[in-house]
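Listed below, chain by chain, are the residues.
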Amino acid sequence: MKLKISTQIFIAIILGIIAGLVLGQSVVHLKIVGDMFIRLLRMIIIPLIFASMVSGIASIGNVRNLGRIGLRTFVYYLATTLLAVGVGLILVNLLKPGVGVALAVEAGVEQAGREVPSVVSILTGIVPENLFAAMAEDKVLPVIFFSLMLGAAISTVGERARPLIGLFDAFNGVIMKITDWIMRLAPLGVFALMAVMIGQMGLAVIKPLAVYMAAVLVGLGIHACLTLPLLLIVFGKYSPVKFIRDVFSAVATAFSTASSAATLPITKDCLETNTGVSNKVSSFVLPLGATMNMDGTALYEAVAAMFIAQAYGIDMTLGQQLVVMLTATLASIGAAAIPGAALITMVIVLRAVNLPLEGIGMILAVDRILDMFRTAVNVWGDSCGAAIVARMEGEHLGSVEGR
Ligand code: ASP
């Protein structure tokens, strides 16, 4: 009997954890396998976005329809991110994980000194100066911007641009085939990534930060297991239990790679193949979601900022907490979809409420492990969003192939 890829990935995670625990530091030899897997995924991201977005947007037909999908998508992104941050803030106020924590601020200053994107630069950066430079530098947002324009122009030009629709459709099909091949390697890649991560992690670092980690994890858990499933039921009319089975490979890959961008090819594959979301919707909602919709990251940044305030004995007024809520949302939009990105944009939140940037040093030790969980939630949020928008667009979702 051949196991489904999602089952294979599940087993790979368990085996990876066991291998990491048993082999300890010597698992480092497996690093090459995990690295190659991530490189394969990253190799396909830009061609995937370009091909699928152009063919998807061109098939929408009318630019007004695109506007409607866009509006629904953005309302969903913003609402879910704010809900996530709200849950995080309530929890951090209840659990008070930072009160009484001994300040240990080793590497924080250096981290805080890294280049932080300003809001203006995030906005101007959306428009590419040079498409090919943006592609070469793996800059997703400018590629999305150009693909949107190209798709819209193809559909507006109509008859004369018809050959281009065929071309991009074919290109998209071919790229999806490559994604499919890469997906078959996912169990191996996920196994290696998990083993290396567990093997290299010292468990001792977790203890002093246990309550802080609990606050983040409970918050992520509530968002992933209550808020999003509820929205999925009400607006997507989709069973969350079936849905997690359908997109499990994507969520598990997000967990082990800690990168929403690297996971994008698998997320798209799962949604189109297993749930039946059209390329038209997924090619728009998912790349944008991977770069801009990061519920887990926003929640994490808010909890971390409050934790730092508590550790430094700084009282945060309700007004300041509202500023944290807004800036954490902004910071999550600005964060790159790569491992550890939240640590960099966190500076935006800390600066907005005058908290010491060195505080970041306190949470560095457990960032990677929390990154895995928040990235899984980010991808889960993008997936739910794609299903909800697809349903609102009148698509019939349900089991297609089941893999
Ligand atoms: N690793 C996260 C992602 O790719 C971003 C972050 O929270 O650091 O979605």
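Above this note sits the structure.
The structure reproduced in this document is the subject of the present report. (Residues numbered from 1 in each chain as written. Predicted model: local features only at pLDDT ≥ 70, side-chain atom pairs only at ≥ 80, totals over all residues. Heavy atoms only, no water.)

Linking two cysteines covalently via their sulfur atoms produces the bond known as a disulfide. Under the counting rule described, the total for this entry stands at zero disulfides. In this structure Cys270 is not part of a disulfide, and its nearest cysteine sulfur, from Cys384, lies 13 Å away. Between Cys384, a cysteine without a disulfide, and Cys225, which holds the nearest cysteine sulfur, the sulfur-to-sulfur distance is 11 Å. Under the relative-accessibility criterion, Cys384 is labelled buried at 0%. (Disulfide = S-S within 2.5 Å. Buried < 20%, exposed > 50% of the residue type's maximum accessible area, 1.4 Å probe, protein only.)

Relative placement of two packed helices is described by the angle separating their axes and the distance separating the axes. In contact at an axis separation of 6 Å, helix 13 (residues 295-311) and helix 17 (residues 367-392) are set at 140° when each is read in the N-to-C sense. Considering the angle they form, helix 13 stands oblique to helix 17. Contacts between helix 13 and helix 17 involve Asp295, Gly296, Thr297 and Tyr300 on the former and, on the latter, Asp367, Leu370, Arg374, Val377, Asn378 and Gly381. Its residues assigned to classes, the contact of helix 13 with helix 17 shows three nonpolar, four polar and three charged. (Axes fitted to C-alpha atoms, helices over the stretch in contact; angles between N-to-C directions. Helix = DSSP H or I, 4+ residues; strand = E, 2+ residues; numbered from the N terminus. Parallel < 35°, antiparallel > 145°, perpendicular 65-115°, else oblique. Contact = heavy atoms within 4.5 Å. Nonpolar A, V, L, I, M, F, W, Y, C, P; charged D, E, K, R; others polar.)

A few words on the packing of aromatic side chains. All chains considered together, the criterion is met by nine aromatic pairs. Each ring, one from Tyr238 and one from Phe243, has its centre 5.1 Å from the other, and the planes form 75°; the classification is edge-to-face. The two residues Tyr238 and Phe243 agree in class, both being buried. An aromatic cluster of at least three residues, connected via ring pairs, comprises Phe50, Phe146 and Phe168. Across the ring face of Tyr300, the terminal group of Arg374 is positioned such that the distance to the ring centre comes to 4.0 Å. (Phe/Tyr/Trp six-rings, centres within 6.5 Å; stacked < 30°, edge-to-face > 60°. Lys NZ or Arg CZ within 6 Å of the ring centre and 35° of its normal.)

Structurally, the α-helix is built with 3.6 residues per turn, so residues lying three or four positions apart point the same way. The end-to-end C-alpha distance of helix 14 (residues 318-334), which contains 17 residues, comes to 24 Å, matching closely the 24 Å that a straight helix rising 1.5 Å per residue would cover. Of all the positions in helix 14, only Gln321, Val324, Met325, Thr327, Ala328, Thr329, Ala331, Ser332 and Gly334 are classed as buried. The elements touched by buried residues of helix 14 are helix 3 (63-95), helix 5 (119-124), helix 12 (279-292), helix 13 and helix 15 (341-352). (Expected span 1.5 Å × (residues − 1).)

Of note, Thr327 is situated in helix 14. Note: C-alpha distance between Thr327 and Pro339 (12 residues apart in sequence) is 20 Å. Those residues in contact with Thr327 that sit more than four places away from it in its chain are Val349 and Ala352.

Everything listed here is a matter of coordinates, which is why it stays silent on function.
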